[in-house]
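# Examining the three-dimensional arrangement
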Amino acid sequence: MHKKITKRKKEMSVSTKNIMGILLASCVGFIAIIILTLVASLILSKSSALTNSTTIYFIGSVSIGSLVTGFIASKKCEFKGLISGVIASLPLIFFVTIIMLIFSYGRLTPETAILFVGIIIFSAIGGIISANTKRRK
């Protein structure tokens, strides 16, 4: 009898898996930021009272999106939760910077630095939460 020759499925290396996990997490977090920002702007546009502090809503949306980014990155990567959250926050910061430069006509304010620190902190928190929910082998 002949043995069936089965082709092995090519598995990704650990570094490729980590890079893909970080990029996936950053994209999902960016999509979450866009959706939350759209929901907040829709609610504010339907509200009878106009507000001048729309920045607070944007920072809140970015914080929740960063939390999601860190959570997914820690699930998909081989790193520790804190490290995967911080690393996944870097592409997210890049995406947010590009969008902010487009909509603010190339001007960044001092609040932008606070926003970037918030992205790093919330991504790290999301990574830690996700690492604490992983199943132990």
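Residues numbered from 1 in each chain as written. Predicted model: local features only at pLDDT ≥ 70, side-chain atom pairs only at ≥ 80, totals over all residues. Heavy atoms only, no water.

Moving on, we come to the overall build of the chain. Scanning the chain from N- to C-terminus turns up 4 helices and 0 strands. For the chain, the N- to C-terminal ordering of α and β elements is α-α-α-α. Across the 137 residues in the chain, those meeting the buried criterion constitute 32%. Sequence separation of 24 or more characterises 78% of the internal contacts of the chain that already satisfy a separation of 6 or more. Counting every atom, the chain has about 9,900 Å² of accessible surface; 70% of that belongs to carbon and sulfur. (Helix = DSSP H or I, 4+ residues; strand = E, 2+ residues; numbered from the N terminus. Buried < 20%, exposed > 50% of the residue type's maximum accessible area, 1.4 Å probe, protein only. Contact = heavy atoms within 4.5 Å. Areas by Shrake-Rupley, 256 points an atom, 1.4 Å probe, with all protein chains shown as cover.)

Grouped together as the largest cluster of nonpolar side chains are 10 residues: Phe 30, Ile 33, Val 62, Leu 92, Ile 93, Val 96, Met 100, Leu 115, Phe 116 and Ile 119. Mapped onto this core, the elements with two or more residues apiece are α1 (14–46), α3 (81–103) and α4 (110–133). The leading source of residues in this core is α3, at 4 residues. Counting 6 residues, the second largest nonpolar core, distinct from the first, contains Ala 25, Ala 73, Cys 77 and Ala 88. (Core = buried A, V, L, I, M, F, W, Y, C linked by side-chain atoms within 4.5 Å.)

Below, the discussion takes up the environment of Gly 29. Here Gly 29 is to be found in helix α1. Among the residues examined, Gly 29 registers a relative accessible area of 0% and is labelled buried. Sequence-wise, Gly 29 and Ala 88 are 59 residues apart; in three dimensions their C-alpha atoms are separated by 9.5 Å. Sequence-distant contacts of Gly 29, that is, excluding residues within four places in its chain, are made with Gly 65, Thr 69 and Leu 92.

Attention now goes to the packing of aromatic side chains. Summed over the entire model, instances satisfying the criterion amount to 2 aromatic pairs. When the centroid spacing of 5.3 Å and the interplanar angle of 45 degrees are considered together, the rings of Phe 30 and Phe 95 count as tilted. Here Phe 30, found in helix α1, pairs with Phe 95, found in helix α3; they are 65 residues apart in sequence, far enough to count as distant. Among the residues examined, Phe 30 registers a relative accessible area of 16% and is labelled buried. Put simply, the rings of Phe 30, Phe 94 and Phe 95 pair up and form one aromatic cluster. (Phe/Tyr/Trp six-rings, centres within 6.5 Å; stacked < 30°, edge-to-face > 60°.)

Moving on to the confidence of the model for the chain. Per-residue confidence for the chain averages 82 on the pLDDT scale, and 85% of its residues sit at or above 70. Taken element by element, the predicted model of the chain shows its lowest mean pLDDT in α3 (85) and its highest in α4 (87). (pLDDT = per-residue confidence, 0-100.)

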